[in-house]
Amino acid sequence: MSKVQSWRVDETYIQIKGEWQDLDRAVDSKGNTLDFMLSAKRDRQAAARFCRKVLKAQRTQAPQVITVAKNAAYPAAMETLKAEETIAGETALSQSKYFNHLVEHDHRNIKRIVKPMMGLKSFNSASRTLRGIEAMQMIRKGQVKGISQ
């Protein structure tokens, strides 16, 4: 497997029991979903936890560049990850409001499915539901071996 050159990481919000929760998502430079994480907060710890989760996945390799929107949590999270040597020191963080079109486009599909659901009632059920939605998206993109697009 060749080294993935870049990741696009972005967050969107999902309403659960009347409160907005943070849904972080990462895609590679080809638009393939790497991973996602639903969290109650949008802070440095949540951003670092998400990056660790993506790096631990079997199909994921460390990128050369991570592109994020202007979220202040990611520079602090990258410093933490580099300090604990979870991610290579050469990995660059690019903050750009306009480079994340691939992941923004993916958000649209998730929102399209979640919006008519009449609201998600608990964090756990929302997490499970989003896992299923993301799995279907990955199948649709042709990311699952043995299943054609």
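Let us look at the structure shown here. Quick caveat, the model's predicted, so the values are computed rather than measured.

## Digging into the packing of aromatic side chains
Step number 1: Under the definition given, this model contains zero aromatic pairs.
Step number 2: The lysine or arginine in question, Lys53, covers the ring of Phe36, its NZ or CZ lying 5.2 Å from the ring centre.

## A word on empty space enclosed by the protein
Step number 1: Tallying each qualifying case throughout the model produces one cavity of 30 Å³ or more.
Step number 2: Quantified by volume, the largest cavity comes out at close to 30 Å³.
Step number 3: Among the secondary structure elements, those contributing two or more residues to the lining of the largest cavity are strand E2 (19-28), helix H1 (44-56) and helix H2 (73-83).
Step number 4: Split into classes, the residues belonging to the lining of the largest cavity amount to four nonpolar, one polar and five charged.

## Structural notes on H1
Step number 1: Relative to the 18 Å expected for 13 residues at 1.5 Å per residue, H1 spans 18 Å between its end C-alpha atoms, a close match to the ideal helical length.
Step number 2: Every buried residue belonging to H1 is among Ala46, Ala47, Ala48, Phe50, Cys51, Val54 and Leu55, and all of these are buried.
Step number 3: Looking at the packing, one finds that the buried side of H1 touches strand E1 (6-16), E2, strand E3 (33-39) and H2.

## Here's the deal with the sheet that holds strand E5 (residues 92-95)
Step number 1: Spatial ordering of the open sheet is given by E3-E2-E1-E4-E5, a layout of five strands whose pairing is mixed. The open sheet has two free edges, formed respectively by E3 and E5, since each of these has just one partner strand. The average angle at which neighbouring strand axes cross in this sheet is 25°, direction not considered.
Step number 2: Examined bridge by bridge, E1 and strand E4 (residues 65-68) share four bridges and lie parallel to one another. Paired with Val9 across the strands is Val68, a residue of E4.
Step number 3: The strands touched by H2 are E1, E2, E4 and E5; relative to E5, the strand with the most contacts, the crossing angle is about 175°.
Step number 4: Against the sheet, helix H3 (residues 101-114) touches E1, E2 and E3, its axis set at about 25° to E1.

## Some points on the nonpolar core
Step number 1: Trp7, Val9, Phe50, Ile66 and Tyr74 are the most contacted members of the largest nonpolar core, which totals 19 residues.
Step number 2: Put simply, the parts of the chain that give this core at least two residues each are E1, E3, H1, E4 and H2.
Step number 3: Counting residues per element, this core draws most heavily on H1, at six residues.
Step number 4: Here Phe50 is in contact with Val9, Asp24, Arg25, Ala26, Asp35, Phe36, Met37 and Tyr74, once residues within four sequence places are set aside.
Step number 5: Of all hydrophobic cores here, the second largest spans eleven residues; its members include Ile14, Leu38, Leu120 and Ile133.

Criteria and thresholds
Residues numbered from 1 in each chain as written. Predicted model: local features only at pLDDT ≥ 70, side-chain atom pairs only at ≥ 80, totals over all residues. Heavy atoms only, no water. Phe/Tyr/Trp six-rings, centres within 6.5 Å; stacked < 30°, edge-to-face > 60°. Lys NZ or Arg CZ within 6 Å of the ring centre and 35° of its normal. 1 Å grid on protein atoms, 1.4 Å probe; cavity = no way out; pocket = protein on both sides within 12 Å on 5 of 7 lines; lining within 4 Å. Points joined across faces, edges and corners; volume = space filled by probe spheres on them. Helix = DSSP H or I, 4+ residues; strand = E, 2+ residues; numbered from the N terminus. Nonpolar A, V, L, I, M, F, W, Y, C, P; charged D, E, K, R; others polar. Expected span 1.5 Å × (residues − 1). Buried < 20%, exposed > 50% of the residue type's maximum accessible area, 1.4 Å probe, protein only. Contact = heavy atoms within 4.5 Å. Pairing = 2+ DSSP bridges. Axes fitted to C-alpha atoms, helices over the stretch in contact; angles between N-to-C directions. Core = buried A, V, L, I, M, F, W, Y, C linked by side-chain atoms within 4.5 Å.

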